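Structure at a glance
Here is how the chains run, residue by residue.
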Number of protein chains: 2
Amino acid sequence: MELWYTEKQTPNHGITTKISKTIHSEKTDFQQLDIIDTNQFGRMLVLDGMVMTTIKDEFVYHEMITHVALNTHPNPKKVLVVGGGDGGAIREIIKHPSVEKAVLAEIDGRVIETSKQYLPEIAGALDDPRVDVQVVDGIQYIHDHKNEFDVIMVDSTEPVGPAVGLFEKGFYQGIYDCLKEDGILVAQTESPWFNQDLIRRVFKDIRSIFPITRLYTVSIPTYPSGLWSFTMGSKKYDPLKVNESELKDLDTKYYSPSIHKSVFQLPKFVEDLVKE
Amino acid sequence: MELWYTEKQTPNHGITTKISKTIHSEKTDFQQLDIIDTNQFGRMLVLDGMVMTTIKDEFVYHEMITHVALNTHPNPKKVLVVGGGDGGAIREIIKHPSVEKAVLAEIDGRVIETSKQYLPEIAGALDDPRVDVQVVDGIQYIHDHKNEFDVIMVDSTEPVGPAVGLFEKGFYQGIYDCLKEDGILVAQTESPWFNQDLIRRVFKDIRSIFPITRLYTVSIPTYPSGLWSFTMGSKKYDPLKVNESELKDLDTKYYSPSIHKSVFQLPKFVEDLVKE
């Protein structure tokens, strides 16, 4: 018998991928959590029926939510990830020698534990001594910490269920206050093909708070449409004004100093979403 | 009853999309040809079970197989499209005022006729007086014409069935001979995620023939992995040496002078495919 996992990424469209084995399945306090082994993308973490990450393409998301900001900030020492319980963003963050402390604020402890158990390639870095894992509501954590972080990444699930509050203007204002005076925010902001209203709104919200706001895109085959966006809000440093030849060359498979600026060059229909 | 069209883009992975209506279905002399109306991407042309183009995202492929080369060549007058029976590449080519003649060499006349009938937004330009539609084997056409074209685009189906010969080194040598002394070739070369061996081989073949060889990528949600590559071989003009401020700004939704160079900045794992 052939088993296929099908995700309706919109009511009318989705991906379907062959499964070799279901590894784990549970209902946590916050969401449905499944781990499956797929033939095409290897092991896959699924939350509430949406692919979060896979062994074969996770490097794109995790490198690109982290290194663009961390190579824009001249000396990031203290970094916060809101969400991101699989640990992939943390793994990338601690590749930067300047980082002294990386805090993970994940609301669902079961995502962390399950990832450690079944996705050690991604979650292994959560045991690094520089990492502080907090099982906590990210909104509360942001509220309780002021003027503390150099870079904050919002590594959320889709804007339904537990993550709705992570796409609201008040949350971005809280992040602004939680950042130091030259801090940088990066948020995952969905697909430029399928989530245009969300991208427009979030960009506008972040631009109303941060002096420098930029959108960039990357290719993630298991995410809806295959094209994904991140929105950066920065208090001082402009990612387009770095000197590429001075950027740190990291152990990466997608990010490189030579694409640091080019990911901000958007297809015309995407550029039009964020025009003033 | 809900109908969904599912394409296995690899033996283990694919897309599935909701159909509102099947418009047309036939077996031509060369391939199975289907036109379906989908909820997410509008009307869709499917050949041998593979999505060729859809109303909602066709602009990416058609703009990006044409304008990068046509804005690299300083004065393209005579342009050839091998394949491309839907007419989308031709529609973009004749947006360039310098173009005096655009030849379409498509082996399957039924693709042309069916596209004209059911996809007029894409195929309408085939009736333009500058366009010469030839129902002919592209390989034969290339063989019969020497030193004639400024730009040649290989707008083929996947490298199975009728299109196999369009991915072979001898064919690229034929194109070299069919181009004028400063001509440019662009070929669609599949997905950097799923077709890495093909990209490596074609790049090597084209580089062994043309002095300037470059790979670029674009986002096409209905194509496998959502990321698509094109390989350019050029006798004289380097797409990276154009003056962006002098490039023609066209009526486009994806291409713009400001992404002309950045599409050649590749993610590290793609760059590694074509490193010497």
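Residues numbered from 1 in each chain as written. Chains lettered and ligands numbered in written order. Predicted model: local features only at pLDDT ≥ 70, side-chain atom pairs only at ≥ 80, totals over all residues. Heavy atoms only, no water.

Focus: the UniProt feature "domain: PABS" (unreviewed entry) in chain A
The positions UniProt marks with the feature "domain: PABS" (unreviewed entry) are residues 2–235 of chain A. For the annotated span residues 2–235 of chain A, helix accounts for 26% and strand for 39% of the residues, and the straight-line distance between the end C-alpha atoms is 52 Å. (UniProt positions renumbered as here; feature names shortened; annotations may be inferred. Helix = DSSP H or I, 4+ residues; strand = E, 2+ residues; numbered from the N terminus.)

Side note on the sheet that holds strand E10 (residues 179–188) of chain B
All names here are of chain B. Pairing is mixed across the open sheet formed by seven strands, whose spatial order is E8-E7-E6-E9-E10-E12-E11. Since the sheet does not close on itself, it has two edges, and those belong to strand E8 (131–135) and strand E11 (212–219), each with one partner. The average angle at which neighbouring strand axes cross in this sheet is 15°, direction not considered. Pairing analysis gives five bridges linking strand E6 (residues 78–83) to strand E9 (residues 149–155), with the strands arranged parallel. Bridge pairing in E9 links Leu 80 to Ile 152. Across the sheet, helix H6 (residues 169–178) is in contact with E6, E9 and E10; its angle to E10 comes to roughly 145°. (Pairing = 2+ DSSP bridges. Axes fitted to C-alpha atoms, helices over the stretch in contact; angles between N-to-C directions. Contact = heavy atoms within 4.5 Å.)

Observations concerning the interface of chain A and chain B
Counting residues at the interface gives 42 residues for chain A and 42 residues for chain B. Sorting the residues of chain A by area buried against chain B places Asn 12, Trp 193 and Lys 268 of chain A first, and these three jointly supply 21% of that buried surface. Our count for the chain A to chain B interface comes out at two salt bridges. Salt-bridge contacts for Asp 249 of chain A lead to Lys 268 of chain B; the nearest nitrogen and oxygen are separated by 3.5 Å. (Buried area = accessible area lost by both parts, 1.4 Å probe. Salt bridge = Lys/Arg side-chain N within 4 Å of Asp/Glu carboxyl O.)

Quick notes on helix H3 (residues 109–118) of chain A
All names here are of chain A. Looking only at H3, the buried set comprises Gly 109, Val 111, Ile 112, Thr 114, Ser 115 and Tyr 118. Among the structural elements, strand E2 (13–27), strand E3 (32–38), strand E4 (42–47), strand E7 (101–106), helix H4 (120–123) and strand E8 (131–135) are those in contact with the buried residues of H3. Of the residues flanking the start of H3, the one acting as N-cap is Asp 108, its side-chain oxygen 3.0 Å from the backbone nitrogen of Arg 110. (Buried < 20%, exposed > 50% of the residue type's maximum accessible area, 1.4 Å probe, protein only. Polar contact = N/O pair within 3.5 Å; in protein donor to acceptor, adjacent residues only side chain to side chain.)

Observations concerning the packing of aromatic side chains
All names here are of chain A. Under the criterion given, the structure shown has 26 aromatic pairs over all chains. Centroid distance Tyr 141 to Phe 149: 6.3 Å. Interplanar angle 45°. Geometry classified as tilted. Summarising the burial analysis for this pair, Tyr 141 and Phe 149 share the class buried. Between the aromatic rings of Tyr 216 and Phe 264, the centroid separation amounts to 5.1 Å while the plane-to-plane angle is 55°, which identifies the pairing as tilted. With a gap of 48 residues between them, Tyr 216 in strand E11 (residues 212–219) and Phe 264 in the loop between strand E12 (227–234) and helix H8 (268–271) connect regions that are remote in the sequence. Here Tyr 216 and Phe 264 have matching classes, each one buried. Site record: aromatic cluster; members linked through ring pairs are Tyr 61, Tyr 216, Tyr 223, Trp 228, Phe 230 and Phe 264. (Phe/Tyr/Trp six-rings, centres within 6.5 Å; stacked < 30°, edge-to-face > 60°.)

Description of helix H1 (residues 58–70) of chain B
Residues and elements named next belong to chain B. Between its first and last C-alpha atoms H1 spans 18 Å; for 13 residues at 1.5 Å apiece the expected length is 18 Å, and the two agree. Along H1, the sharpest change in direction is near 30° and occurs at Met 64. Most of H1 is tucked away, with 13 of its 13 residues classed as buried. (Expected span 1.5 Å × (residues − 1). Bend = angle between axes of the 7 residues up to and from the residue.)

As for the pairing of E9 of chain B
All names here are of chain B. Of all seven residues making up E9, seven are buried, and the element is well covered by its neighbours. Direction of pairing for E9 relative to E10: parallel, over a ladder of five bridges. Looking across to E10, one finds that Phe 149 is bridged to Leu 179. What joins E9 to E10 is H6, and the crossover it makes is right-handed. (Right-handed = clockwise from strand over helix to strand, strands pointing away.)

Thoughts on the domain arrangement of chain A
Residue and element names in this part refer to chain A. For chain A, the assigned domains read domain 1 (3–53) and domain 2 (58–274). Computed over C-alpha atoms only, the centres of domain 1 and domain 2 are separated by 23 Å. Each side of the interface is counted separately: domain 1 has 21 residues, and domain 2 has 22 residues. One can count one salt bridge joining domain 1 with domain 2. Here Glu 26 ties to Arg 110 by a salt bridge, and the two come within 2.7 Å at their closest N and O atoms. Counting across the interface, domain 1 meets domain 2 through five residue pairs in polar contact (both at pLDDT 80 or more). Elements with a minimum of two residues in the side of domain 1 that touches domain 2: strand E1 (3–10), E2, E3, E4 and strand E5 (50–54). Ranked by the residues each element gives to the side of domain 1 that touches domain 2, the list is headed by E2, at five residues. Grouping the amino acids of the side of domain 1 that touches domain 2 by side-chain chemistry returns 12 nonpolar, seven polar and two charged. (Domains from an automatic or database assignment. Nonpolar A, V, L, I, M, F, W, Y, C, P; charged D, E, K, R; others polar.)

Concerning unusual backbone geometry
The backbone of Glu 190 of chain A sits at a positive phi, close to 70°, despite the residue not being glycine. Along the chain, Glu 190 of chain A turns up in the loop between strand E10 (179–188) and helix H7 (196–207). At Ser 225 of chain B, a position not held by glycine, the phi torsion is positive, near 75°. With respect to the helices and strands, Ser 225 of chain B occurs in the loop between E11 and strand E12 (227–234).

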